Amino acid sequence: MAMVPHFPHVEALCVSKDKSGRALPDDVVVYQQGRLYGVFDGATSLTGQTIGGLSTGRFAALQCALAAQNFVLTRPPSEFSCLQLLQSMGSHLSAALRAKGVAGVQAATTAALALDAGDTLHFLLVGDSGVRINGSEQVQVHKPVDAIFTAARVALFKRAMASPSVAPDDWISLELRTRQTIALGMGVALSEEVLQHLSCTVSDQLRHLLAPDAVEQIPTLLAQGISKGQPPYMNRPDHSLGYAVLDGNRVQGPDLLVFSRPRAEVDSLEFFTDGYMATGAEPTVASWEAAWLAVETKDPFKIGPFAHIKCSTPHDFWDDRTVLIVRS
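Definitions and cut-offs
Residues numbered from 1 in each chain as written. Predicted model: local features only at pLDDT ≥ 70, side-chain atom pairs only at ≥ 80, totals over all residues. Heavy atoms only, no water. Salt bridge = Lys/Arg side-chain N within 4 Å of Asp/Glu carboxyl O. Helix = DSSP H or I, 4+ residues; strand = E, 2+ residues; numbered from the N terminus. Expected span 1.5 Å × (residues − 1). Contact = heavy atoms within 4.5 Å. Pairing = 2+ DSSP bridges. Axes fitted to C-alpha atoms, helices over the stretch in contact; angles between N-to-C directions. Polar contact = N/O pair within 3.5 Å; in protein donor to acceptor, adjacent residues only side chain to side chain. Buried < 20%, exposed > 50% of the residue type's maximum accessible area, 1.4 Å probe, protein only. Core = buried A, V, L, I, M, F, W, Y, C linked by side-chain atoms within 4.5 Å.

Trainee: Would you mind showing me how to read the pattern of salt bridges here?
Mentor: If charged atoms from side chains of opposite charge come close, those side chains can pair. In total, this model carries 14 salt bridges according to the counting rule given. Among the ionic contacts, a cluster of salt bridges with common partners joins R153, E175, R179 and D316.

Rendered as structure tokens:
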């Protein structure tokens, strides 16, 4: 059987959330011709903590990318295994954190990867980074805890914007205050009455989307915020709010996906991080950027059809965004 040629056309773009370009993104692209393609999205540190001068998210993403490259370069494609790759990346990240003397620091990343074994493509997805196959089959899993904090942020933002004391040009300071409240917890920032009302609003809105064990945790999550409320569900398989992430420990969760496709049936692969809330009409960077701009234009505050935990400001975009495209 004739060997299927490698993908000859490659495009990639990685844009930092920092509009000045001075801060590196937490996203990382990984590419090894004919062997490995994908993206990592490091978890943003809400406290600004760094490791060796890098954000904790970028450190995790880079270490896992290095481990993935080493994995595909030290064995023949016939021995490629997504589960072995997962273990190698976790072990490498754990060792790297110990070597830096920060074994207790939370440094985590998502991943969307493909191992090219010649006649077969093996896919590994961890978290909410995604892949689109042949321009039509999109594989991406969003974690329920994000839906909770997004609903809370939208409710808070709309409530504040409706206040007669808020001028139309105050939205920037309003966004930053809301972002901080969501991140660090609403138990201190809001009165007990407002917090209770917000919890009821979010619970009613999401009751039909979430499992009962998730709905009952909404008041606690909102009071604690993302920084304290979300981490206990990392790699937790016994709760519907559990989500998978590469953090040096065992990776578990409904957003851990492993699957394969015959290479001969695949013409294009587009790997992307969640900074893109809409996919490109075509498998090109230009098309993905056009889709990103359309989202930014249609819902600048991210409180409508593209609701999000934050929106862009004059100084930063709502998130880092990265796309890697390989085509026949």
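So that's the structure; there's more coming.
Trainee: Could you clarify how one ought to interpret helix α3 (residues 144-161) in this entry?
Mentor: Residues spaced three or four apart along an α-helix face the same direction, because each turn holds 3.6 residues. The end-to-end C-alpha separation of α3 is 26 Å, in line with the 26 Å expected for 18 residues at 1.5 Å each. Contacts made by the buried residues of α3 are with α4 (171-184), α5 (186-189), α6 (192-206), α7 (212-215) and α8 (218-229).

Trainee: What am I meant to see in the sheet that holds strand β8 (residues 130-133) here?
Mentor: Hydrogen bonds between backbone atoms are what pair the strands of a sheet, whose relative direction is either parallel or antiparallel. Within the open sheet, the 5 strands sit side by side as β1-β12-β11-β8-β9. Their pairing is antiparallel. Strands at the two margins of the open sheet, each flanked by one partner only, are β1 (9-15) and β9 (137-139). Each adjacent strand pair in this sheet contributes to an overall mean axis angle of 10°, direction not counted. Inspection of the sheet shows β8 paired to β9 by 3 bridges, in the antiparallel sense. Residue pairing across strands places R132 opposite Q138, the latter belonging to β9. The sheet contacts of helix α9 (residues 285-298) involve β1, β8, β11 (268-272) and β12 (321-327), and relative to β12 the element is tilted by about 150°.

Trainee: Please clarify how the environment of S129 should be interpreted in this entry.
Mentor: Position of S129 among the secondary structure elements: in the loop between β7 (120-126) and β8. Here the alpha-carbon distance between S129 and D255, two residues 126 residues apart in the chain, equals 9.6 Å. Contacts of S129, omitting those with residues within four sequence positions, involve V39, D41, T110, A111, A112, Q140, F272 and T273. Here T110 takes part through its side chain, which lies 2.8 Å from a polar atom of the side chain of S129.

Trainee: When you look at the environment of E79 in this model, what are you seeing that I'm missing?
Mentor: Its place among the elements puts E79 in the loop between α1 (56-73) and α2 (82-99). E79 gets classed as partly exposed once you look at its relative accessible area, which sits at 47%. Put simply, E79 and H208 are 129 residues apart on the chain and 44 Å apart in space, counted from C-alpha to C-alpha.

Trainee: Sorry if this is basic, but what is going on with the nonpolar core here?
Mentor: One recurring pattern in soluble globular proteins is that nonpolar side chains are buried together. By size, the foremost hydrophobic cluster in this structure holds 33 residues, and its most contacted members are F40, M89 and L246. Counting only elements with at least two residues in this core, the list comes to β2 (27-32), β3 (36-42), α1, α2, β6 (109-116) and β7. Take this core: its biggest share by element is 9 residues, from α1. Here M89 is in contact with F40, C64, A67, A68, L113, L124 and L246, once residues within four sequence places are set aside. Membership of the second largest hydrophobic core comes to 27 residues, among which are L210, I218, L241 and I309.

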